[in-house]
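Next come the chains, spelled out residue by residue.
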Amino acid sequence: MVKVMAKLVFEDYDKWRPAFDEAANIRKGHGVQEAQVFRNSDNPNEVLILYEWDDLEHAWPFFEQPENKKVLEELGLQGKPEVFILKERDISF
């Protein structure tokens, strides 16, 4: 599994969230296994979305779709999303 985190800031979280929820089938169609949303406690309009894919090759086409950018802008995206590829590490304490 590959985990990708996206950091986005919106004008209004409450406007964006219903559209995100309604797009669950679209995400699944692009291979998203799971998507979790976290809000910044200091700025509730800033969200972190943790996506899970079976492999990285399916992730990039999802983020590079021009229609995704257009929809995000219509939903009040501020600035550019930051996208991070996460790798699990074995850590012993």
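Residues numbered from 1 in each chain as written. Predicted model: local features only at pLDDT ≥ 70, side-chain atom pairs only at ≥ 80, totals over all residues. Heavy atoms only, no water.

Enquirer: Whenever I open this one, the nonpolar core confuses me. Can you help?
Expert: In a soluble, globular protein the nonpolar side chains are often hidden away together inside. Counting residues in each nonpolar core, the largest one holds 18 residues, and the members touching the most others are Trp16, Val47, Ile49 and Tyr51. Listed by contribution, the elements that provide at least two residues to this core are β1 (2-10), α1 (13-22), β2 (32-39), β3 (46-53) and α3 (56-63). The element contributing the most residues to this core is β1, with five residues. Every residue in contact with Ile49, bar those within four places of it in the chain, is listed here: Val4, Met5, Ala6, Leu8, Trp16, Phe20, Ala35, Gln36 and Val37. (Core = buried A, V, L, I, M, F, W, Y, C linked by side-chain atoms within 4.5 Å. Buried < 20%, exposed > 50% of the residue type's maximum accessible area, 1.4 Å probe, protein only. Helix = DSSP H or I, 4+ residues; strand = E, 2+ residues; numbered from the N terminus. Contact = heavy atoms within 4.5 Å.)

Enquirer: Looking at this structure, how should I read the environment of Phe20?
Expert: Tracing the backbone shows Phe20 in helix α1. What makes Phe20 buried here is its relative accessible area of 8%. For the pair Phe20 and Val9, spaced 11 residues apart in the sequence, the C-alpha separation amounts to 14 Å. Other than its neighbours up to four places away in sequence, Phe20 contacts Arg27, Ala35, Val37, Ile49 and Tyr51.

Enquirer: So what exactly am I meant to see when it comes to the pattern of salt bridges here?
Expert: Close approach of charged atoms allows side chains of opposite charge to pair. A full pass over the atoms with the stated rule returns three salt bridges. Ionic pairing is found between Lys7 and Glu82, a salt bridge with its closest N-O pair at 3.7 Å. Taken together, the residues Lys7 in strand β1 and Glu82 in strand β4 (residues 77-86) connect sequence positions 75 residues apart. In this structure, Arg17 engages Asp21 in a salt bridge whose closest nitrogen and oxygen atoms are separated by 2.9 Å. Taken as a pair, Arg17 and Asp21 lie in helix α1 at a separation of four residues, close to a single helical turn. (Salt bridge = Lys/Arg side-chain N within 4 Å of Asp/Glu carboxyl O.)

Enquirer: I'm lost on the sheet that holds β2 in this one. Help?
Expert: Strand pairing in a sheet relies on backbone hydrogen bonds. The paired strands run either parallel or antiparallel. Spatial ordering of the open sheet is given by β2-β3-β1-β4, a layout of four strands whose pairing is antiparallel. One side of each edge strand has no neighbouring strand; the edge strands of this open sheet are β2 and β4. The sheet shows a mean angle of 20° between the axes of neighbouring strands, direction not considered. With seven bridges joining them, β2 and β3 adopt antiparallel strand pairing. Bridge pairing in β3 places Arg39 opposite Val47. Helix-sheet contacts for α1 involve β1, β2 and β3, and the interaxial angle to β2 is about 165°. (Pairing = 2+ DSSP bridges. Axes fitted to C-alpha atoms, helices over the stretch in contact; angles between N-to-C directions.)

Enquirer: Looking at this structure, how should I read the packing of aromatic side chains?
Expert: What characterises a pair of aromatic rings is the spacing of the ring centres plus the angle enclosed by the ring planes. Per the stated rule, a full pass over the model turns up 10 aromatic pairs. Feature note: the residues Tyr51, Trp53, Trp60, Phe62 and Phe63 constitute an aromatic cluster, connected by ring pairs. (Phe/Tyr/Trp six-rings, centres within 6.5 Å; stacked < 30°, edge-to-face > 60°.)

Enquirer: Any chance you could explain the side chain of Glu46 here in plain terms?
Expert: Checked against the element boundaries, Glu46 lands in strand β3. A distance of 2.8 Å separates polar atoms of two side chains, one belonging to Glu46 and the other to Asn40. Those residues in contact with Glu46, other than ones at most four positions away along the chain, are Lys7, Leu8, Val9, Phe38, Arg39 and Asn40. (Polar contact = N/O pair within 3.5 Å; in protein donor to acceptor, adjacent residues only side chain to side chain.)

What is shown is where atoms sit, not what they do.
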